[in-house]
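Given next are the chains, with one letter for each unit.
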Amino acid sequence: MSRVNDAVQLFDNGHLCSQAVFKVFCEDFGLPASEAFKIGACFGSGMRQGEVCGACTGALMVLGLKYGDDKAKCGEVSDEFFEEFKKENGSFICRDLLGCDISTPEGVRSARDQNLFRELCPKMVASAVEITEKIMEK
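Figured I'd write up the structure that's included with this text.

What counts and how
- Residues numbered from 1 in each chain as written.
- Predicted model: local features only at pLDDT ≥ 70, side-chain atom pairs only at ≥ 80, totals over all residues.
- Heavy atoms only, no water.
- Salt bridge = Lys/Arg side-chain N within 4 Å of Asp/Glu carboxyl O.
- Helix = DSSP H or I, 4+ residues; strand = E, 2+ residues; numbered from the N terminus.
- Buried < 20%, exposed > 50% of the residue type's maximum accessible area, 1.4 Å probe, protein only.
- Expected span 1.5 Å × (residues − 1).
- Contact = heavy atoms within 4.5 Å.
- Axes fitted to C-alpha atoms, helices over the stretch in contact; angles between N-to-C directions.
- Parallel < 35°, antiparallel > 145°, perpendicular 65-115°, else oblique.
- Left-handed = near helix turned anticlockwise from the far one by under 90°.
- Nonpolar A, V, L, I, M, F, W, Y, C, P; charged D, E, K, R; others polar.

**Some details on the pattern of salt bridges**
Thought 1: According to the stated counting rule, one finds 9 salt bridges in the structure shown.
Thought 2: Notably, a salt bridge pairs Arg3 with Glu133, separated by 3.6 Å at the nearest N-O pair. Separated by 130 residues along the polypeptide, Arg3 in helix α1 (residues 3-12) and Glu133 in helix α10 (residues 121-137) bring together distant segments of the chain.
Thought 3: Judged by relative accessible area, which is 25%, Arg3 ranks as partly exposed.
Thought 4: Under the relative-accessibility criterion, Glu133 is labelled partly exposed at 22%.
Thought 5: One salt-bridge network, in which partners are shared between bridges, spans Arg3, Asp28 and Glu133.

In structure tokens form, the structure reads like this:
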């Protein structure tokens, strides 16, 4: 299976968006999946505040593993990631992507009622993985 499919499946099986994206790359860097799940645990749902999409934060963790020894390169690839993600999805802010603020109980209810966690979020996970792969192939 591809990383995209693996990440979407992880998300569909109950892992956070941040965990799903980070996990599918982590073992390439010698990081066990169990550690990736722990590291990514506080970044889902826009850091639980509806802020930067968890799929994006998972991708940034991956890019940090690859380019973290070069501060300038990290800035370059982070900017490139956000630019591409925003171009593809309209935003990289969770509440903007979902159209509701999931930092509130009402927002979570709205997202569930609209089935956004099942219909929209997997697309964000897939997009983050695809963009990360493209950046890392350069």
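From this point, the discussion proceeds with the structure in view.
**Things to note about helix α5 (residues 54-67)**
Given 3.6 residues to a turn, an α-helix orients residues that are three or four positions apart in the same direction.
Thought 1: Compared with the 20 Å implied by 1.5 Å per residue over 14 residues, the 20 Å span of α5 between its first and last C-alpha is a close match.
Thought 2: Buried residues of α5: Gly54, Ala55, Cys56, Thr57, Gly58, Ala59, Met61, Val62, Leu63 and Tyr67, and no others.
Thought 3: The elements touched by buried residues of α5 are α2 (17-26), α3 (33-39), α4 (44-50), α6 (71-89) and α10.

**Overview of the packing of α2 against α5**
What describes two packed helices is the angle between their axes and the distance between those same axes.
Thought 1: The interhelical angle for the contact between α2 and α5, taken along N-to-C directions, is 30°, at an axis separation of 6 Å. Taken together, the axes of α2 and α5 are roughly parallel relative to one another. In the crossing of α2 with α5, the sense of the turn from one axis to the other is right-handed. Across from Cys17, Ser18, Val21, Phe22 and Phe25 in α2, the residues of α5 making contact are Gly54, Ala55, Thr57, Gly58, Ala59, Met61, Val62 and Leu65.
Thought 2: Across the contact of α2 with α5, the residue classes break down as 9 nonpolar, 4 polar and no charged.

**Topic: unusual backbone geometry**
Trans is the prevailing form of peptide bonds, just as negative phi is the prevailing case for residues other than glycine.
Thought 1: Its identity as a non-glycine residue notwithstanding, Ser45 has a phi of 55°, on the positive side.
Thought 2: Within the secondary structure layout, Ser45 lies in helix α4.
Thought 3: Look at Ser45 and you get partly exposed, because its relative accessible area is 24%.
Thought 4: One non-glycine residue, Asn115, lies in the positive phi region at around 60°.
Thought 5: Position of Asn115 among the secondary structure elements: in the loop between α8 (105-113) and α9 (116-119).

**Thoughts on the packing of α6 against α10**
Thought 1: α10 packs onto α6 with a crossing angle of 140° between their chain directions and a minimal axis gap of 10 Å. When the interaxial angle is binned, α6 and α10 end up oblique. Every pair of crossing elements has a handedness; the one defined by α6 and α10 is right-handed. Here Val77, Glu80, Phe81, Glu84, Phe85, Glu88 and Asn89 of α6 come into contact with α10, specifically with Met124, Ser127, Ala128, Ile131, Thr132, Lys134 and Ile135.
Thought 2: When its residues are assigned to classes, the contact of α6 with α10 shows 7 nonpolar, 3 polar and 4 charged.

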